[in-house]
Amino acid sequence: MSEAPDAVPGVNRPNLTPLDIIRAIVLIAALASLALWGFAMWEFPWNLVLGIGVPVIVLLMWALFLSPRPVLRLHPFIRAAVELLIYAGVTLAWWSMGQAWAGIAFAAVAVAAGLFAGRRNLQ
């Protein structure tokens, strides 16, 4: 029988909360939404450029500024502005596809998750 491994000394594992899972789902939904927007709303060859390029740019912005261990540390308010810029872009992408309710729903969930995470980080 295998037993649960004991904690390894010197290794700190982050506590994973439901908010972290929701934020990961929001990021995946944002990337998928932007890829769908790029592939569906533009003619060839721009659909390939935007369908791949825009999600990659957003993923790089997330890695640089918003990840749990960001490459560049920003003031919390600038970090929130970058996050809101991404959410606004995804919302506008949904609106431009004629799916205003999907954009509003995404914005509501994403902004609520961002607010709760921001409050948690400020404390």
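See the structure shown above.
Conventions used here
- Residues numbered from 1 in each chain as written.
- Predicted model: local features only at pLDDT ≥ 70, side-chain atom pairs only at ≥ 80, totals over all residues.
- Heavy atoms only, no water.
- Core = buried A, V, L, I, M, F, W, Y, C linked by side-chain atoms within 4.5 Å.
- Buried < 20%, exposed > 50% of the residue type's maximum accessible area, 1.4 Å probe, protein only.
- Helix = DSSP H or I, 4+ residues; strand = E, 2+ residues; numbered from the N terminus.
- Contact = heavy atoms within 4.5 Å.
- Axes fitted to C-alpha atoms, helices over the stretch in contact; angles between N-to-C directions.
- Parallel < 35°, antiparallel > 145°, perpendicular 65-115°, else oblique.
- Left-handed = near helix turned anticlockwise from the far one by under 90°.
- Nonpolar A, V, L, I, M, F, W, Y, C, P; charged D, E, K, R; others polar.
- Expected span 1.5 Å × (residues − 1).
- Salt bridge = Lys/Arg side-chain N within 4 Å of Asp/Glu carboxyl O.

Draft legend 1. Inspection of the nonpolar core at higher detail. Core analysis: the biggest nonpolar cluster contains 20 residues, and Leu34, Tyr87, Val90 and Phe106 have the highest contact counts within it. Those elements that place two or more of their residues in this core are α1 (18-41), α2 (46-66), α3 (76-96) and α4 (100-122). With residues up to four places along the chain from it excluded, the contact list for Leu34 reads Val54, Pro55, Val58, Gly89, Val90 and Ala93.

Draft legend 2. Representation of the packing of α1 against α2 in the model. Look at α1 against α2: their axes get within 7 Å of each other, and the N-to-C directions meet at 155 degrees. Regarding the angle of α1 to α2, the classification is roughly antiparallel. As α1 runs across α2, the sense of the crossing is right-handed. Here Leu27, Leu31, Leu34, Ala35, Trp37, Gly38 and Phe39 of α1 lie close against α2, whose contacting residues are Asn47, Leu48, Leu50, Gly51, Ile52, Val54, Pro55, Val58, Leu59 and Trp62. In the contact of α1 with α2, the residues fall into 14 nonpolar, three polar and no charged.

Draft legend 3. Molecular detail of α2. Between its first and last C-alpha, α2 extends 28 Å over 21 residues, near the 30 Å set by a 1.5 Å rise per residue. For α2, the full list of buried residues reads Asn47, Leu50, Gly51, Val54, Pro55, Val58, Phe65 and Leu66. Check the buried side of α2 and you find it contacts α1 and α3.

Draft legend 4. Spatial organisation of the packing of α2 against α3. For the pair α2 and α3, the least separation of the axes is 11 Å and the interaxial angle reads 165 degrees. In terms of their interaxial angle, α2 and α3 are classed as roughly antiparallel. Judged by the twist between their axes, the crossing of α2 over α3 is left-handed. Of the residues in α3, those in contact with Val58, Met61, Phe65 and Leu66 of α2 are Arg79, Val82, Glu83, Leu85 and Ile86. Of the residues that constitute the contact of α2 with α3, the class distribution is seven nonpolar, no polar and two charged.

Draft legend 5. Representation of the pattern of salt bridges in the model. Scanning the model with the defined rule gives one salt bridge in all. When the shortest N-O distance is used, the salt bridge between Glu83 and Arg23 registers 2.4 Å. Remark: Arg23 occurs in helix α1 and Glu83 occurs in helix α3; sequence separation between them is 60 residues. Residue Glu83 shares its accessibility class with Arg23, and that shared class is buried.

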